[in-house]
Amino acid sequence: QVQLVESGGGPVQAGGSLRLSCTVSGYYYATYSMAWFRQAPGKEREGGATISPNGEITYYADSVKGRFTISRDNPKKTLYLQMGSLKPEDTAIYYCAAGGTAIFETIRARGEMRVGDFFGWGQGTQVTVSS
């Protein structure tokens with residue numbers, strides 16, 4: 001089984017920044033489309049950003065576009081989410097996710113990220129943005 005472990009979450013003031021990391025086990029990491037989702041209390045899990053296996057192409061949900069940056073370091077088997085201009089509504093548990101090679105293109109064509117697109121999930125890291 002693929003294992004994913006998030007880190008870097010914590011409290012931050014509105015307008016601040018935070019960098020999340022996700023380390024991924026397995027030989028085939030460089031073949032996976034990767035993503036960050038988030039889930040606020042009482043709300044459904046929503047997609048934030050996804051990145052192609054080689055890291056060259058990214059996709060962002062409107063809620064984070066222009067503020068968050070997804071990236072990956074394949075030799076280190078690590079996924080990152082650089083978050084800036086944080087708002088209280090960004091408060092959520094953030095999850096990294098792994099999907100198949102082709103799912104990235106499906107997401108771009110669809111214009112929407114879905115939980116069912118991904119087969120591997122981390123346990124999440126809490127981000128709390130105070131006003």
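It should be noted that the structure appears before, not after, this text.
Predicted model only: the values in this text are computed from it and were never measured. (Residues numbered from 1 in each chain as written. Predicted model: local features only at pLDDT ≥ 70, side-chain atom pairs only at ≥ 80, totals over all residues. Heavy atoms only, no water.)

Asks: What's the story with the pattern of salt bridges in this structure? I'm lost.
Replies: Any two side chains of opposite charge can pair, on the condition that their charged atoms come close. Evaluated as defined, the whole model comprises seven salt bridges. A salt bridge links arginine 114 to glutamate 112, with the nearest nitrogen and oxygen atoms 3.8 Å apart. You can call arginine 114 partly exposed: its relative accessible area is 41%. With relative accessibility at 39%, the residue glutamate 112 sits in the partly exposed group. Look at the salt bridges and you will find they share partners, linking Arg38, Glu46, Arg67 and Asp90 into a network. (Salt bridge = Lys/Arg side-chain N within 4 Å of Asp/Glu carboxyl O. Buried < 20%, exposed > 50% of the residue type's maximum accessible area, 1.4 Å probe, protein only.)

Asks: Would you mind going over helix α1 (residues 103-110) with me for this structure?
Replies: Looking only at α1, the buried set comprises Ile103, Phe104 and Ile107. All buried residues of α1 lie within an arc of 105 degrees about the axis, which places them on one face of the element. Taken together, the buried residues of α1 touch β4 (33-39), β5 (46-51), β6 (58-60), β9 (92-99) and β10 (118-121). (Helix = DSSP H or I, 4+ residues; strand = E, 2+ residues; numbered from the N terminus. Arc of directions from axis to C-beta. Contact = heavy atoms within 4.5 Å.)

Asks: Is there a simple way to think about unusual backbone geometry in this case?
Replies: Note: most peptide bonds trans; most residues except glycine with negative phi. Even without being glycine, lysine 77 reaches a positive phi, approximately 50 degrees. With respect to the element layout, lysine 77 can be found in the loop between β7 (68-73) and β8 (78-83). Positioned with a positive phi, serine 85 is a non-glycine residue whose angle comes to about 50 degrees. In this structure, serine 85 sits in the loop between β8 and β9. The exposure class of serine 85 is partly exposed, given its relative accessible area of 44%.

Asks: Would you mind showing me how to read the packing of aromatic side chains here?
Replies: Between two aromatic rings, the relevant description is the distance of the centres plus the angle of the planes. As enumerated under the stated definition, the model contains five aromatic pairs in all. Judged by centre distance (5.4 Å) and plane angle (80 degrees), the rings of tyrosine 32 and phenylalanine 119 are edge-to-face. Note that tyrosine 32 is positioned in the loop between β3 (18-24) and β4 and phenylalanine 119 in strand β10, a separation of 87 residues in sequence. The class of tyrosine 32 is buried, set by a relative accessible area of 10%. The exposure class of phenylalanine 119 is partly exposed, given its relative accessible area of 48%. An angle of 80 degrees between the planes, with centres 5.5 Å apart, marks the rings of phenylalanine 37 and phenylalanine 118 as edge-to-face. Placement of phenylalanine 37 in strand β4 and of phenylalanine 118 in strand β10 is noted, with a sequence separation of 81 residues between them. (Phe/Tyr/Trp six-rings, centres within 6.5 Å; stacked < 30°, edge-to-face > 60°.)

Asks: Honestly, the pairing of β9 in this entry has me stumped. Any pointers?
Replies: The two faces of the sheet receive side chains in turn, since in a regular strand these alternate between them. Within β9, seven of the eight residues are buried, which leaves the element mostly enclosed by the surrounding structure. Here β4 pairs with β9 via seven bridges, running antiparallel. Residue pairing in the sheet places glutamine 39 in a bridge with isoleucine 93 of β9. With three bridges joining them, β9 and strand β11 (residues 125-130) adopt antiparallel strand pairing. Across the sheet, the residue bridging to tyrosine 94 is threonine 125, located in β11. (Pairing = 2+ DSSP bridges.)

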